[in-house]
Amino acid sequence: MSKKGDFEAVRKDIAKLMHQPEYDDGSAGPVLVRLAWHSAGTYDAETDTGGSNGAGMRYEAEGGDPANAGLQHARVFLEPVKEKHSWITYADLWTLAGVVAIKQMGGPEIPWKGGRTDYVDDSKLPPRGRLPDGAQGSDHLRWIFYRMGFNDQEIVALSGAHNLGRCHSDRSGFEGAWVNNPTRFSNQYYRLLLSLQWRKKTLKNGIEQFVNYDEDSETELMMLPTDIALTQDPKFRKWVELYARDKDRFFEDFTKVFDKLVELGIQRDENGEITNSDNENGGYHA
Ligand code: CCH
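Predicted, not measured: the structure shown is a model, and the values here were computed from it. (Residues numbered from 1 in each chain as written. Predicted model: local features only at pLDDT ≥ 70, side-chain atom pairs only at ≥ 80, totals over all residues. Heavy atoms only, no water.)

Draft legend 1. A look at the overall build of the protein chain. Along its length, the protein chain carries 11 helices and five strands. Computed over the C-alpha atoms, the radius of gyration of the protein chain is 18 Å, within 12% of the 19 Å expected from 2.2 N^0.38 for a compact globule of 286 residues. In terms of overall dimensions, the protein chain has a C-alpha envelope of 55 × 40 × 40 Å along the principal axes. Across the protein chain, contacts joining residues at least 24 apart in sequence account for 68% of those joining residues at least 6 apart. Counting every atom, the protein chain has about 13,400 Å² of accessible surface; 47% of that belongs to carbon and sulfur. Computed over 35 positive and 45 negative side-chain charges, the inter-centroid distance for the protein chain is 2 Å. (Helix = DSSP H or I, 4+ residues; strand = E, 2+ residues; numbered from the N terminus. Rg over C-alpha atoms; globule rule 2.2 N^0.38 Å. Contact = heavy atoms within 4.5 Å. Areas by Shrake-Rupley, 256 points an atom, 1.4 Å probe, with all protein chains shown as cover. Lys, Arg positive; Asp, Glu negative; His and termini not counted. Charge placed at Lys NZ, Arg CZ, Asp CG, Glu CD.)

Next up, the structure:
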């Protein structure tokens, strides 16, 4: 047990669980990043509902959303950290784990502040269907991400997280990794989007994705229809081109946009204290 508020101690323990030789590509990192993203990506700016505050994914209403299939692995990885540092809220732990995982996998240092609560206000529970569907195109991406308050550049920058991890047929129905080294954060995703020939493939379960079979390495890489849409829509494509040639710019923009993602729906005063949730009692002031 660490002292309340000792986020450094929590960071260290998250970093320690990253190495998981038995799991996927040997790292808990990618699924932790996806947990952080899905905890925050339910936000709706207009009604100020959803977002990482409240950690609603612990409950069936949100956790059982088919879009969140597989994220129980991430939550299970983090449980010993929660047990050891019981003062931390799940909402803080999940977002911090994403930030630590990105750094551990060679990505940028993303600023992160704590203070989220685990209080769930039923009237603020996000309905299902707020997370993106990989089978769709650019209109869908704009509809989903504009709702959170992101613009085209931010959509493309956030999508760069698909440098990490893989799709699992028993979770989303899609299958495979986007890049050859899916536990190393880089701009490879953008480079492959532009440099390889992607052809449509229908999987055994009837789901369509894009693939590139590389004869030399004998590996098949994949892209979701939403990933391919980023190259087909001219307003998205110019950012794909920029991030493919300028890794530093990608890291810089990704840092800003991931920070914005995990802060959606959270208001802070000048000292960084959250003002729209009651930290002591774990409830909203609303
Ligand atoms: Fe994603 N993502 N994502 N994604 N995602 C999947 C996996 C990961 C979409 C669909 C999928 C973001 C945006 C989108 C990660 C981070 C981010 C999967 C496979 C699908 C499908 C799930 C499975 O089968 O396990 C769609 C559509 C969008 C639209 O933009 C954003 C934004 C982020 C983070 C900033 C990461 C990481 C993974 C890998 C997870 C793993 O378990 O390896």
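Draft legend 2. Up close: the site of the ligand. Around the ligand, a shell composed of 25 residues is seen, among which His162, Gly165, Arg166, His168 and Ser172 lie nearest. In this structure, an oxygen atom belonging to the ligand sits 2.9 Å away from a main-chain N or O atom of Arg166. Between an oxygen atom of the ligand and a side-chain N or O atom of Ser172, the distance comes to 2.6 Å. Looking at the shell around the ligand, the elements with two or more residues in it are helix H2 (29–40), helix H6 (138–148) and strand E1 (166–167). The biggest single contributor to the shell around the ligand is H2, with five residues. Looking at the shell around the ligand, its residues break down into 15 nonpolar, six polar and four charged. Lining the shell around the ligand are residues from two domains, each supplying at least three of them: domain 1 (7–131 + 258–262) and domain 2 (138–253). (Near = heavy atom within 4 Å. Polar contact = N/O pair within 3.5 Å; in protein donor to acceptor, adjacent residues only side chain to side chain. Nonpolar A, V, L, I, M, F, W, Y, C, P; charged D, E, K, R; others polar. Domains from an automatic or database assignment.)

Draft legend 3. Structural context of the side chain of Gln153. By the secondary structure assignment, Gln153 is in helix H7 (residues 152–159). Look at Gln153 and you get buried, because its relative accessible area is 18%. Looking at Gln153, its side chain comes within polar contact range of the side chain of Tyr243, at 3.0 Å. (Buried < 20%, exposed > 50% of the residue type's maximum accessible area, 1.4 Å probe, protein only.)

Draft legend 4. Layout of helix H11 (residues 247–262). Between its first and last C-alpha, H11 extends 22 Å over 16 residues, near the 22 Å set by a 1.5 Å rise per residue. When we look at burial in H11, the residues that qualify are Phe250, Phe251, Asp253, Phe254, Thr255, Val257, Phe258, Leu261 and Val262. Contacts from the buried residues of H11 go to H2, helix H5 (90–104), H7, helix H8 (188–195) and helix H10 (234–245). The N-cap of H11, judged by a side-chain oxygen 3.3 Å from the amide nitrogen of Asp248 a few residues on, is Asp246. (Expected span 1.5 Å × (residues − 1).)

Draft legend 5. Seen up close, the coordination of the iron atom of the ligand. Just one protein atom coordinates the iron atom of the ligand, and that atom is His162 (NE2), at 2.1 Å. Within the fold, His162 resides in the loop between H7 and E1. (Donors = N, O, S within 2.8 Å, 3.2 Å for Na, K, Ca; no water.)

Draft legend 6. Layout of the packing of aromatic side chains. Counted under the stated rule, the structure contains 17 aromatic pairs. Their ring planes at 50° and their centres at 5.4 Å tell us that Tyr190 and Tyr243 sit as a pair that is tilted. Separated by 53 residues along the polypeptide, Tyr190 in helix H8 and Tyr243 in helix H10 bring together distant segments of the chain. Tyr190 sits in the buried class, given a relative accessible area of 0%. (Phe/Tyr/Trp six-rings, centres within 6.5 Å; stacked < 30°, edge-to-face > 60°.)

Draft legend 7. H2, seen in detail. Compared with the 16 Å implied by 1.5 Å per residue over 12 residues, the 17 Å span of H2 between its first and last C-alpha is a close match. Of all 12 residues that make up H2, 11 are buried, and the element is covered over most of its length. For H2, the set of buried residues is Gly29, Pro30, Val31, Leu32, Val33, Leu35, Ala36, Trp37, His38, Ser39 and Ala40. Looking at the packing, one finds that the buried side of H2 touches helix H3 (60–63), helix H4 (71–84), H5, H6 and H11.

Draft legend 8. Molecular detail of unusual backbone geometry. Although it is not a glycine, Asp48 adopts a positive phi angle of roughly 50°. If you trace the backbone, Asp48 turns up in the loop between H2 and H3. For Asp48, a relative accessible area of 24% gives the class partly exposed. One non-glycine residue, Ala55, adopts positive backbone phi at about 45°. Take Ala55: it is sitting in the loop between H2 and H3.

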